[in-house]
Amino acid sequence: MNGPNRIIYRVAVILILLIAQVGSSEIFAADISSADLPLLYDGCTSRVPVAGFDKRLYFILDTGSTVSAFDNVYVSYLGNPIGQGIASTMARAKTVFTLYHCPSILVGSFPSAIERVASIDLSTVQRVSGSECDGILGPDFAAQHVLSIDLDRSIVHVSASPSTAVTHHSISVPMTRVVGDHFGIRALVNGVPLCLMIDTGDNGSISLNEHDWEQVFSHTSKDEIHTALAASISGVPIRMSAARVETLRVGQDTDFGAIATLAVNRTAPSTLGLRFLRRYIATLDLKRQMLYLHPSSLFHEKENADMSGLHLIRSKSQTIVYGVDESSPAEGAGLRPGDVIEFVNGHEADELSLREIRRALKSYDGAVVSLSVKREDQTSEITFNLKAVL
């Protein structure tokens, strides 16, 4: 995963004309070799239920991962190691992980068809997203199926091949192999031609490696680049740069004002993430190397960055500050790492999802946010105004 919470890691439908002509029910025509799976989107990750070990588990859909994986709490179920793998991560160029034979799991009615899995620590993902996370379905799963991600209906449609409605009524974007089972598309970012790897595990729009960042923002002033904290797999906050791109052209569509981040691992492939893909019913056909994009109700939604400077995790039902950006409204109001947020705008924090809280922290420039904050044994009321930084 890449982007401001890379590993770090619902909606009334307003149909635009194109969807009115071909509804999503037509796009997902019934087929005995297909299934609709619930898609749980928490603002950081998109997860689907998986059956394994006589339990219901929740796995992140992550085409940017090196391999599918189980959280390390399940390592005792995986048997003996069969080898090691090497992957690039958000913060480091290389990391080594242990591989195991994949146990029998079902994704809907489909056997996973995954041969080997890693065992990794997903506790930071769970804390940053505030959601249960038992594993990752990587590109080795996606390569065996056609996946249509539809946040309008909160489903992912799994099938053996794309329907005629998808192929005839969507923007067709050819994909090219980047490395292994990872595929990307050609795009123009601020007029610069780039190959962007499709990464459904990245909750941002675009993540650029150092070379591509320098090309895209060669004429951008330092005042237009914002630096903020992000969570890393180690749990230690890291600093990350972000800026708005003027234009992002994919296929026939041009997006204005998407936010790009500079990848901490600056030699990793540049990526196109879930924040961009969610503007569409996005169908990934890795086997045939095609991406199909059908505008969703989120097509015209503007991408906003956090306006508070406050970075949160959830641990044991508590909403905890893990980082505060320098010179931000949160810092000016006196918030510190380790503070516990008990109320947000009069609502109990533990009754809100982290996605709902983060929405409140980027609602609009100048919005008033009131927090009840516990520090050690003292509780105080803090109020500040949001400030747009991008």
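This structure is a prediction, so every number in the text was calculated from the model and none was measured.

## Focus on the environment of Ser-328
Here is step 1: Along the chain, Ser-328 turns up in the loop between strand 27 (318–324) and helix 8 (329–332).
Here is step 2: Residues Ser-328 and Asn-385, 57 residues apart in the sequence, show an inter-C-alpha distance of 10.0 Å.
Here is step 3: Apart from the residues lying within four places of it in its own chain, the contact partners of Ser-328 are Ser-308 and Gly-309.
Here is step 4: From its side chain, Ser-328 meets the backbone oxygen of Asp-325 in a polar contact 2.7 Å long.

## Some details on the pairing of strand 24 (residues 280–285)
Here is step 1: Judged by how many residues are buried, strand 24 sits mostly within the fold: six of six residues are covered.
Here is step 2: Burial along strand 24 is two-sided: the residues Tyr-280, Ala-282 and Leu-284 and Ile-281, Thr-283 and Asp-285 are all buried.
Here is step 3: Bridge analysis of strand 12 (residues 146–150) against strand 24 gives three bridges, and the strand direction is antiparallel. Paired with Ile-149 across the bridge in strand 24 is Ala-282.
Here is step 4: Turn length for the strand 24-strand 25 (residues 290–295) hairpin, with the two strands adjacent in sequence and antiparallel, is four residues, and the turn residue Gln-289 shows positive phi of about 55°.

## Let's talk about unusual backbone geometry
Here is step 1: Phi at Ala-113 is positive, roughly 60°, even though this residue is not glycine.
Here is step 2: Along the chain, Ala-113 falls in the loop between strand 9 (110–111) and strand 10 (116–120).
Here is step 3: Of note in this structure, Asn-190 is not a glycine but carries a positive phi near 50°.
Here is step 4: The topology assignment puts Asn-190 in the loop between strand 15 (182–189) and strand 16 (192–199).

## Thoughts on the packing of aromatic side chains
Each aromatic ring pair is specified by the distance between its two centres and by the angle formed by the two planes.
Here is step 1: As enumerated under the stated definition, the model contains nine aromatic pairs in all.
Here is step 2: Taking 5.2 Å as the distance between ring centres and 90° as the angle between the ring planes, the aromatic pair formed by Phe-59 and Phe-70 counts as edge-to-face. Placement of Phe-59 in strand 4 (residues 55–61) and of Phe-70 in strand 5 (residues 69–71) is noted, with a sequence separation of 11 residues between them. The two residues Phe-59 and Phe-70 agree in class, both being buried.
Here is step 3: Aromatic pair Trp-213 and Phe-217: ring centres 4.5 Å apart, planes at 55°, arrangement tilted. No difference in accessibility class separates Trp-213 from Phe-217, as the two residues are buried.
Here is step 4: Aromatic rings pair up to connect Phe-53, Phe-59, Phe-70, Tyr-74 and Tyr-77 into one cluster.
Here is step 5: Over the ring of Phe-299 we find Arg-279; its NZ or CZ atom is 4.4 Å from the centre of that ring.

Parameters and conventions
Residues numbered from 1 in each chain as written. Predicted model: local features only at pLDDT ≥ 70, side-chain atom pairs only at ≥ 80, totals over all residues. Heavy atoms only, no water. Helix = DSSP H or I, 4+ residues; strand = E, 2+ residues; numbered from the N terminus. Contact = heavy atoms within 4.5 Å. Polar contact = N/O pair within 3.5 Å; in protein donor to acceptor, adjacent residues only side chain to side chain. Buried < 20%, exposed > 50% of the residue type's maximum accessible area, 1.4 Å probe, protein only. Pairing = 2+ DSSP bridges. Phe/Tyr/Trp six-rings, centres within 6.5 Å; stacked < 30°, edge-to-face > 60°. Lys NZ or Arg CZ within 6 Å of the ring centre and 35° of its normal.

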